[in-house]
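Coordinate analysis (summary)
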Amino acid sequence: MTRKIAIIGAGPSGCYLAQALLKQDATVEIDIIDRLPVPFGLVRYGVAPDHQGTKAVSRQFARLFERQGVNFIGNLDICTDAHGGDISLDDLRAIYDVVVLATGLSSDRKLGIAGEDLQGVVGSGVLTRAWNDHPDSKDSELPAPGKQVAIIGNGNVAMDVLRILSKQDHEYEGSDFGSHHAESIAAAKVERIEVIGRSPAGMAKFDPVMVKEIGKSAGLKFEIHDLDFDAASDSENPKIAALNGLAEIEPDAKRCTISFRFGWSPVSFIGADGKLNALHIARADGSETLELPCDMAVTAVGFSDDQRLGRMDLIESAADLDNGRLGDGLYAAGWFRRGPQGTIPDNRSDSQIVAAAIAQDLATMPESDAPGREALFARFDHLTDYAAWQRIDEHERASCTEGRLRNKLRTRRDMLKLALNVTETTQ
Amino acid sequence: MKINILYGTETGNSEMLCEDLESEFGDDHELEIMNLAEVDPADLDLSVFHVFVSSSYGDGELPASAKPFAEKLEGSDTDLAGLSFAIFGLGDSDYETFGHGSEQLADMLVKHNAKQVGPRVIHDAQGDDLAEDVAFPWFAERVAEAEAMSDAA
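Residues numbered from 1 in each chain as written. Chains lettered and ligands numbered in written order. Predicted model: local features only at pLDDT ≥ 70, side-chain atom pairs only at ≥ 80, totals over all residues. Heavy atoms only, no water.

What follows deals with the domain arrangement of chain A. Residue and element names in this part refer to chain A. Segmenting chain A into domains produces domain 1 (4–105 + 305–420) and domain 2 (108–302). Domain 1 and domain 2 are separated by 31 Å when their C-alpha centres are compared. Listed by partner, the interface residues are 23 residues for domain 1 and 26 residues for domain 2. Both faces combined, the contact of domain 1 with domain 2 buries some 2100 Å², and carbon together with sulfur accounts for 46% of it. When residues of domain 1 are sorted by the area they lose upon contact with domain 2, Pro 49, Arg 404 and Arg 410 head the list and together hold 34% of the total. The tally of links between domain 1 and domain 2 comes to 6 salt bridges. Across the salt bridge formed by Arg 35 and Asp 136, the nearest N and O atoms sit 3.2 Å from each other. (Domains from an automatic or database assignment. Contact = heavy atoms within 4.5 Å. Buried area = accessible area lost by both parts, 1.4 Å probe. Salt bridge = Lys/Arg side-chain N within 4 Å of Asp/Glu carboxyl O.)

Below is the structure:
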């Protein structure tokens, strides 16, 4: 009897889970299901377009589908009954022996301060998905990059946003950053970027290598404030050393000033006629306040659940959350299980733990005749498969402009045209 | 020839490359693949040719699975005299710390009297080549050198 496993979410956690599960038990039949017509989730739509080295991990995932017998089922939206979608989680559980939720956490965490809905304020998730040409992102909802930008947050996502807003068009060679994005950023001629962090510099969340990378772009002048805010600050701290490195840069021709401030919390966004024009920040003890003029503000303060799978209830009632066990035949991995902390490699280890738990449970699971994907293909005619992704991939690579690796299809309609309406040709 | 292949990995790319080496060379040689996380430097079989594959991570650091091995080796007086090894790196030339992970590991092994065979080559994630396309010819050359050395001995 072959066990039928469905992993929901074709991003790093789901793919690592399939990889680890096959190492534990090569007899299982795995389907990785995604809401989008194409696989790889965060690797394709979250990792910055100029970090192709990080995206290279998708070669491991491609191998699952190309050599290891894992099936990709795209364009299938699974959620609780309350959220519509194509099929409910309960219905999916009825046709598989095991269902694993690995959909990550994609909503931007809100600051919950006044003015957050002003035009010009945007979450880092919304922004980076747009920069990665996610089919659900609409350019019309994005603020145009402004002359003065405030970035709230000090993690690696904030550094991604900072780097992309401060790099020059020609520096995107070898990336898959859409020219339309690079041109719109270049046209904005950003003059000043304020980066606001709540913690002291020595405890900021960014990795030093991310900060050093920003200094490689020409024409940037850095102001590092509040290093003395941290009583324990010392130049041996790699984060502080990286910031000091930036401060030493003397550009030949300054095009943009980047200011890092530490130990400040955002208080409110200030605007007129619905449009942002300043950010109000304060010291945690209220001893000092500042008003920073800005026409664009990016919040990069973490991610939360979009509630489409009823995550909160599932997590609260989980049988053994440490090993990913939510209930009978239902598991969670990655950020969906742990919350929004940790990098891609952290989710690899996480998926290995959950795979071990699943393999252990499979040994005692009663026999079943779960139909698996046959039932899905019998019910839906809009599903995409890995071959469809390969056609899209080939098209994107072939149609890219000079200096780019690919030109991403930006709408579901264009993807599905290539994915579903195939005319067989002989070559 | 018997060859132990040891990988240090963070995202799994080095592990995948070792699996590729096994499929490519496993019929001609007796290969054993091990995660460095599960290897104690004191237990290395000095008579066997060792091939290390390691990425770099973060700011030129060793990848997570190589760290315990490196920490044990560094803090010990383990003598690896007699051990021949070759080392292959995975890196990203976007960063100035390109290949530092494999470099650290190589230096550490040499410091403990192991003998490095051939050059340390680093696959660049920014390049057009796939890791296996660079690693396969490199591996074949290193194995030929190691065989010549053991024949001469």
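Let us now look at the pattern of salt bridges. Evaluated as defined, the whole model comprises 38 salt bridges over all chains. For Asp77(A), the salt bridge identified is with Arg308(A), shortest N-O distance 2.4 Å. On the criterion of sequence distance, the pair formed by Asp77(A) in the loop between β3 (71–73) and β4 (78–79) and Arg308(A) in the loop between β17 (303–304) and α11 (311–316) is long-range, its members being 231 residues apart. On the basis of relative accessible area, Asp77(A) is assigned to the buried category, the value being 17%. One salt bridge connects Arg142(B) with Glu141(B), and the closest N-O pair in it is separated by 3.4 Å. Given the relative accessible area of 46%, Glu141(B) is considered partly exposed. What you see here is one network of salt bridges that share partners, running through Arg44(A), Asp393(A), Glu396(A), Arg397(A) and Arg406(A). (Helix = DSSP H or I, 4+ residues; strand = E, 2+ residues; numbered from the N terminus. Buried < 20%, exposed > 50% of the residue type's maximum accessible area, 1.4 Å probe, protein only.)

Residues and elements named next belong to chain A. As for its placement among the helices and strands, Arg 44 is situated in helix α2 (residues 41–45). According to the relative accessible area criterion, Arg 44 is buried, its value standing at 5%. In terms of polar contacts, Arg 44 uses its side chain to reach the side chain of Tyr 45, at 3.0 Å. In this structure, Arg 44 is in contact with Val 38, Pro 39, Lys 55, Asn 132, Trp 389, Glu 396, Arg 406, Lys 408, Leu 409 and Met 415, ignoring residues within four places of it in sequence. (Polar contact = N/O pair within 3.5 Å; in protein donor to acceptor, adjacent residues only side chain to side chain.)

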